[in-house]
Amino acid sequence: GQEMNKEQKITTDIKVPNKDLETLKIHFPHCFDKDGNFQLEKFKNNLTEKEINFSTESYGLDWLGKSYARLLASDPATTLLKADEIHNAKPENANSENLLIKGDNLEVLKHLANAYYEQVKMIYIDPPYNTGNDGFLYKDDRKFTVKELQQLIGVDVEKAKRILDFTKQESNSHSAWLTFLYPRLYIAKQLLKDEGVIFVSIDDNEAAQLRLLLDEIFGEENFIAQLPTIMNLKGNNDEFGFAGTHEYTLVYSKNKLKTTLNQFNVSDDDLEDWTEDEIGFYKQGANLKATGTNAPRAKRPNLYYPIFIDSNDTVYVTEDDNHPVEFQGELTTVFPITNEQEMSWRWSKDKVKNEPNNIIVSRNGNIGIYKKQRPALGDLPSKKPKTIFYKAEYSSGNGTAQIKSLLGDKYFANPKPIDLIKDLIIIGSSEGEFVLDFFSGSGTTADAIMQLNVENIENRKFILVQLPEPIDPKKDKAAYDFIKNELKIDLPTIYEITKERIVRAAKKHSITANSKISER
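Residues numbered from 1 in each chain as written. Predicted model: local features only at pLDDT ≥ 70, side-chain atom pairs only at ≥ 80, totals over all residues. Heavy atoms only, no water.

**Some points on the sheet that holds strand β14 (residues 359-362)**
Next up, step 1: On the basis of which strands lie adjacent, the open sheet formed by four strands has the order β7-β8-β15-β14 and antiparallel pairing. Of all strands in the sheet, those bounded by a partner on one side alone are β7 (275-276) and β14.
Next up, step 2: Across three bridges, the pairing between strand β8 (residues 281-287) and strand β15 (residues 368-373) is antiparallel. The partner of Lys-283 across the bridge, within β15, is Gln-373. (Pairing = 2+ DSSP bridges. Helix = DSSP H or I, 4+ residues; strand = E, 2+ residues; numbered from the N terminus.)

What follows is the structure, encoded as structure tokens:
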């Protein structure tokens, strides 16, 4: 069926169409020489004659290795993908449109760029953050000579040498990280539909660099949001000066004018608890009368005083505790007395005087005074996602717990919580669409999609890519042993964890269509 053709299409013909070049050939055929090379000077003269001015001011991101990164983006793939026939023939996988692909994501993206050209609605990635201790090192198995590199990217000997040195020395500089990410994002963009969106998780180490990189690849005009994403509300106190609470999710569109983003389903009942005043939303909070061991008048004598309430529910306090001179209608005097015990108010006289708009007067039976409770972070549900991305379920501890419950132990550093990815997928894609994750790690994206498909009876599809990165038997002994002993695989790699999680998650959600697998 259709799946096999897709496989053949993936592996044989992998030239990515270059739309810009095609446009130039149609409109400026005379600017190409007989060998099909584009003549820039001729093109410039042509435009100058038509009085088009060239901007000499330019602003952008430049780094050592940028021209090399461009080369990597346009260089054809050198490997083949082959389908895992045995796995794919199993009845539960036979009709699946989900894909899990094992391999270097740059190579795999080049294969996908043809078969899935402009077919993906949403991309989510959680790339290495380059924190210095997350193990990111630039590795490159391409072997160019200085001369080849000079010819390919048009740089001088000196620069070609510096670039080759840096690609060989396993660096984790900003330049190395950008060189690594640029070609991957560049090709990923070609996979997106016109209305498609990309979400990228990142923290402060590379947030600024990533934003400029995405501006360059997707265009600054296609920036949608940089969402502070709360991963640890209580804050991590190991950081200097401030307790670390969030990372970021960067959101860009392929073409903002055509982009469609979904909103959350919030029932009106969820909003019914809240009332609105001129400051914002509130609901009835604690009684202004204090309770507990420190509440008696003897312990807090200066918090025992009368509060006066008139017929309009206006609240008064006075210096001398005599009733106010001016008021509307009838005046009621209230003391903090509970069961004939003299207690105290939670607020001082000044606070009552200065914050009348934070008090609710309730006349249910007897008259009561309550604080207005204002919404805390994440309290108010809303249909349109907010730019501070927060739910208690996004806590990074949840990601770890979810893997533990599925695989028996955590086996993976900092997996993303399923609820976070589910919410991003809800915003970024709809029924029947493809979601791509080419740094799939523990496979959270697949798990999240399967859960959404079951909960909402939908059929979103995933394409996941993971490098078979060897697991260090010393540093990650638990994961190594799990793969070797329990999964009976001789060479433990991260990919095996991704695959096993998807298999188990599919069983848990009792989904028959699991996923097709390809490996390189």
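**Some remarks on the environment of Glu-433**
Next up, step 1: In this fold, Glu-433 is placed in the loop between α14 (418-428) and β16 (434-437).
Next up, step 2: By relative accessible area, which is 14% here, Glu-433 ends up buried.
Next up, step 3: In sequence terms Glu-433 and Lys-461 are 28 residues apart; their C-alpha atoms lie 6.0 Å from each other.
Next up, step 4: Among all residues touching Glu-433, those that are not within four sequence positions of it are Lys-121, Lys-193, Asn-459, Arg-460 and Lys-461. (Buried < 20%, exposed > 50% of the residue type's maximum accessible area, 1.4 Å probe, protein only. Contact = heavy atoms within 4.5 Å.)

**Concerning the pattern of salt bridges**
Two side chains of opposite charge can pair, provided their charged atoms sit close to one another.
Next up, step 1: Scanning the entire structure with this criterion turns up 26 salt bridges.
Next up, step 2: Between Glu-216 and Arg-70 there is a salt bridge whose closest N-O contact spans 3.6 Å. With Glu-216 in helix α10 (residues 207-218) and Arg-70 in helix α4 (residues 66-74), this residue pair connects regions lying 146 residues apart in the sequence.
Next up, step 3: You can call Arg-70 partly exposed: its relative accessible area is 44%.
Next up, step 4: Between Lys-461 and Glu-97 there is a salt bridge, and its shortest N-O distance comes to 3.9 Å. Taken together, the residues Lys-461 in strand β17 (residues 461-466) and Glu-97 in the loop between α5 (85-89) and β2 (99-102) connect sequence positions 364 residues apart. (Salt bridge = Lys/Arg side-chain N within 4 Å of Asp/Glu carboxyl O.)

**Topic: the side chain of Arg-501**
Next up, step 1: With respect to the helices and strands, Arg-501 occurs in helix α17 (residues 494-508).
Next up, step 2: There is a polar contact of 3.1 Å between the side chain of Arg-501 and the side chain of Asp-447.
Next up, step 3: Setting aside residues no more than four positions away along its own chain, Arg-501 makes contact with Ile-403, Leu-406, Leu-407, Ile-418, Ser-442, Gly-443, Thr-444 and Asp-447. (Polar contact = N/O pair within 3.5 Å; in protein donor to acceptor, adjacent residues only side chain to side chain.)

**Description of the sheet that holds β17**
Next up, step 1: What the nine strands build is an open sheet, ordered β1-β18-β2-β17-β16-β3-β4-β6-β5; its pairing is mixed. The open sheet is flanked by β1 (82-83) and β5 (223-230), the only strands paired with a single partner.
Next up, step 2: Alignment of strand β3 (residues 120-125) against strand β4 (residues 192-202), held across five bridges, turns out to be parallel. Across the sheet, Ile-125 pairs through a bridge with Val-200, a residue of β4.
Next up, step 3: Across the sheet, α10 lies against β4, β5 and β6 (246-253), angled at about 5 degrees from β6, the strand it touches most.
Next up, step 4: Most of the contacts of α14 go to β3, to which it runs at about 155 degrees, and overall it touches β3, β4, β5, β6 and β16. (Axes fitted to C-alpha atoms, helices over the stretch in contact; angles between N-to-C directions.)

**Side note on the pairing of β8**
Next up, step 1: Of the strand pairs in this sheet, β7 and β8 are connected by two bridges, and their pairing is antiparallel. Looking at the pairing, Glu-276 lines up with Phe-281 of β8.

**As for a negative patch on the surface**
Next up, step 1: Taken together, the side chains of Asp-269, Asp-270, Glu-272 and Asp-273 present a region of like negative charge at the surface.
Next up, step 2: Within the secondary structure, Asp-270 sits in helix α11 (residues 268-272). (Patch = residues over 30% accessible without salt bridge, like charges linked within 9 Å, V, L, I, M, F, W, Y side chains within 5 Å. Areas by Shrake-Rupley, 256 points an atom, 1.4 Å probe, with all protein chains shown as cover. Lys, Arg positive; Asp, Glu negative; His and termini not counted. Charge placed at Lys NZ, Arg CZ, Asp CG, Glu CD.)

**Focus on the environment of Phe-412**
Next up, step 1: Along the polypeptide, Phe-412 turns up in the loop between α13 (396-407) and α14.
Next up, step 2: Relative accessible area serves as the criterion here: at 18%, Phe-412 is assigned to the buried category.
Next up, step 3: Sequence separation between Phe-412 and Tyr-480 is 68 residues, and the spatial gap between their C-alpha atoms is 11 Å.
Next up, step 4: Among residues more than four places away in sequence, those in contact with Phe-412 are Ile-403, Gly-441, Ser-442, Ile-494 and Ile-497.

**What to know about the pairing of β17**
Next up, step 1: Here β17 lies mainly inside the structure; six of its six residues are buried.
Next up, step 2: Burial along β17 is two-sided: Lys-461, Ile-463 and Val-465 and Phe-462, Leu-464 and Gln-466, pointing in opposite directions, are all buried.
Next up, step 3: Here four bridges tie β2 to β17, and the two strands are oriented parallel to one another. Pairing of Lys-102 across the sheet is with Gln-466, part of β17.
Next up, step 4: Where β16 meets β17, four bridges bridge the pair, whose relative direction is parallel. Directly across from Phe-434, in β17, lies its bridge partner Lys-461.

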